[in-house]
There are 2 protein chains.
Amino acid sequence: MSVTLDYVPQLRARGYRMTSQRMAILRVLHHFGGHLSPTQVYEQARKQLPNLTETTVYRTLEFLAEHGLARSAHMGNGHLVYEIAQHEHHHLICRNCGNTVEVKHSLLKTMYQKLESSSGYKLTDSHLTFFGLCSDCK
Amino acid sequence: MSVTLDYVPQLRARGYRMTSQRMAILRVLHHFGGHLSPTQVYEQARKQLPNLTETTVYRTLEFLAEHGLARSAHMGNGHLVYEIAQHEHHHLICRNCGNTVEVKHSLLKTMYQKLESSSGYKLTDSHLTFFGLCSDCK
DNA sequence: CATGCTATTGCAAGAAGTTGCAATAAGGAA
DNA sequence: TTCCTTATTGCAACTTCTTGCAATAGCATG
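## Focus on the packing of helix 2 (residues 20-32) of chain B against helix 4 (residues 54-66) of chain B
Residue and element names in this part refer to chain B.
Here is step 1 of the chain: Where helix 2 meets helix 4, the axes come as close as 10 Å, and the angle between the chain directions of the two elements is 70°. Taken as axis vectors, helix 2 and helix 4 run roughly perpendicular relative to one another. Listed contacts from helix 4 to Q21, R22, I25, L26 and L29 of helix 2 are T56, V57, T60, L61, F63 and L64.
Here is step 2 of the chain: The class makeup of the residues in the contact of helix 2 with helix 4 is 7 nonpolar, 3 polar and 1 charged.

Encoded structure:
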């Protein structure tokens, strides 16, 4: 049990608290592995914590993403999904069949550097979603 | 008047129609130039067309984006905004102060090519939003 | 210019996401 | 262990976005 307990010190160090709601949501993300919509997270987590509210799920997911424990990604048309934070990667989605491919961050590294030096910005978030047609559909 | 009329043949050729709603929305996007949220578009366009509905605005913006007359972009946390389709560009947004910078597509060209050859995908949409800290905030 | 096909709209109901505020409960300190 | 501070949650009301379906209106055709 309790991958989730590993996160406690990370939170405490910054003045935040570990709660049963956060644990349940982290457990869901961790166990499922892939992308989940807020509603999906809510349905799963509620099995462990029946009086969890959707409000809390939305707020918690945003909180986790902001503090690096989860990542958010834009799918299809402007909807956010979340996954547990692991290796840095991006997504490539087929507009036609919806097929999704992971893209290693290393492929974009040079471009990130070019972008930083030309703009003066320090890029923080690092999840991009690209849309296109996969080899079958094009 | 009627930049909007220029679009008529584009639509007809593909079997779509030019309507007063589409004209009003295109006019708003064209006149404003920058990013607008669906609600902002609705409020502006309604001045010209009082019985326009929000439903239609949402559907029209999606339609225009799908057919290349407008572009959609993800801002802040998962909300879509739209602008008239012009030169290809991307955005760089400061997480702290919200300041926004345009990024020329040419800067990302090499990366797009790398991505296409390594994935087999043909990239279609070409608007990305990057998040970071601007030179003042970092 | 009248007709017919069907793309497009408006309406109404619903789903998804947000916000303010008072009540609750982590977890540090006594 | 108990107390206290305040981060976090739940509730309720609200805004934003989506969907199905019947009514409307572009526009090609005769």
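## Some points on the interface of chain B and chain A
Here is step 1 of the chain: Contacts between the two partners involve 37 residues from chain B and, on the opposite side, 37 residues from chain A.
Here is step 2 of the chain: For the interface between chain B and chain A, the tally reads 0 salt bridges.
Here is step 3 of the chain: For the pair chain B and chain A, the interface holds 10 residue pairs in polar contact (both at pLDDT 80 or more).
Here is step 4 of the chain: Listed by contribution, the elements that provide at least two residues to the side of chain B that touches chain A are strand 3 (89-94), strand 4 (100-104), helix 5 (109-119), strand 5 (122-123) and strand 6 (129-133) of chain B.
Here is step 5 of the chain: By residue number, the principal contributor to the side of chain B that touches chain A is helix 5 of chain B, which donates 7 residues.
Here is step 6 of the chain: When grouped by side-chain class, the residues that make up the side of chain B that touches chain A number 18 nonpolar, 13 polar and 6 charged.
Here is step 7 of the chain: With 2 bridges connecting them, strand 5 (residues 122-123) of chain A and strand 6 of chain B associate as antiparallel partners.

## Observations concerning the protein's contact with DNA strand C
Here is step 1 of the chain: Inspection of the region around DNA strand C gives 20 residues, with R12 and Y58 of chain A together with R22, T56 and R59 of chain B positioned closest.
Here is step 2 of the chain: The share of sugar and phosphate among atoms of DNA strand C within 4 Å of the protein is 69%.
Here is step 3 of the chain: Note that a base nitrogen of DNA strand C is positioned 3.2 Å from one of the side-chain N or O atoms of R17 of chain A.
Here is step 4 of the chain: Between DNA strand C and M18 of chain A there is a distance of 3.0 Å, counted from a phosphate oxygen to a backbone nitrogen or oxygen.
Here is step 5 of the chain: Going through the elements one at a time, helix 4 (54-66) of chain A together with helix 2 and helix 4 of chain B are the ones with two or more residues in the surface near DNA strand C.
Here is step 6 of the chain: Of the residues assigned to the surface near DNA strand C, the class counts are 4 nonpolar, 10 polar and 6 charged.

## Comments concerning the packing of aromatic side chains
Describing an aromatic ring pair means giving the distance of the ring centres and the angle of the ring planes.
Here is step 1 of the chain: Under the definition given, this model contains 4 aromatic pairs over all chains.
Here is step 2 of the chain: Consider the rings of F130 of chain A and Y112 of chain B, whose centres lie 5.9 Å apart with planes at 85°: the pair is edge-to-face. With F130 of chain A in strand 6 (residues 129-133) and Y112 of chain B in helix 5, the pair connects residues from two separate chains. Both residues of the pair, F130 of chain A and Y112 of chain B, count as buried.
Here is step 3 of the chain: Directly above the aromatic system of F63 of chain A lies the positively charged group of R22 of chain A, at a separation of 3.8 Å from the ring centroid.

What counts and how
- Residues numbered from 1 in each chain as written.
- Chains lettered and ligands numbered in written order.
- Predicted model: local features only at pLDDT ≥ 70, side-chain atom pairs only at ≥ 80, totals over all residues.
- Heavy atoms only, no water.
- Axes fitted to C-alpha atoms, helices over the stretch in contact; angles between N-to-C directions.
- Helix = DSSP H or I, 4+ residues; strand = E, 2+ residues; numbered from the N terminus.
- Parallel < 35°, antiparallel > 145°, perpendicular 65-115°, else oblique.
- Contact = heavy atoms within 4.5 Å.
- Nonpolar A, V, L, I, M, F, W, Y, C, P; charged D, E, K, R; others polar.
- Salt bridge = Lys/Arg side-chain N within 4 Å of Asp/Glu carboxyl O.
- Polar contact = N/O pair within 3.5 Å; in protein donor to acceptor, adjacent residues only side chain to side chain.
- Pairing = 2+ DSSP bridges.
- Near = heavy atom within 4 Å.
- Phe/Tyr/Trp six-rings, centres within 6.5 Å; stacked < 30°, edge-to-face > 60°.
- Buried < 20%, exposed > 50% of the residue type's maximum accessible area, 1.4 Å probe, protein only.
- Lys NZ or Arg CZ within 6 Å of the ring centre and 35° of its normal.

Function cannot be read off these values alone, since they describe shape.
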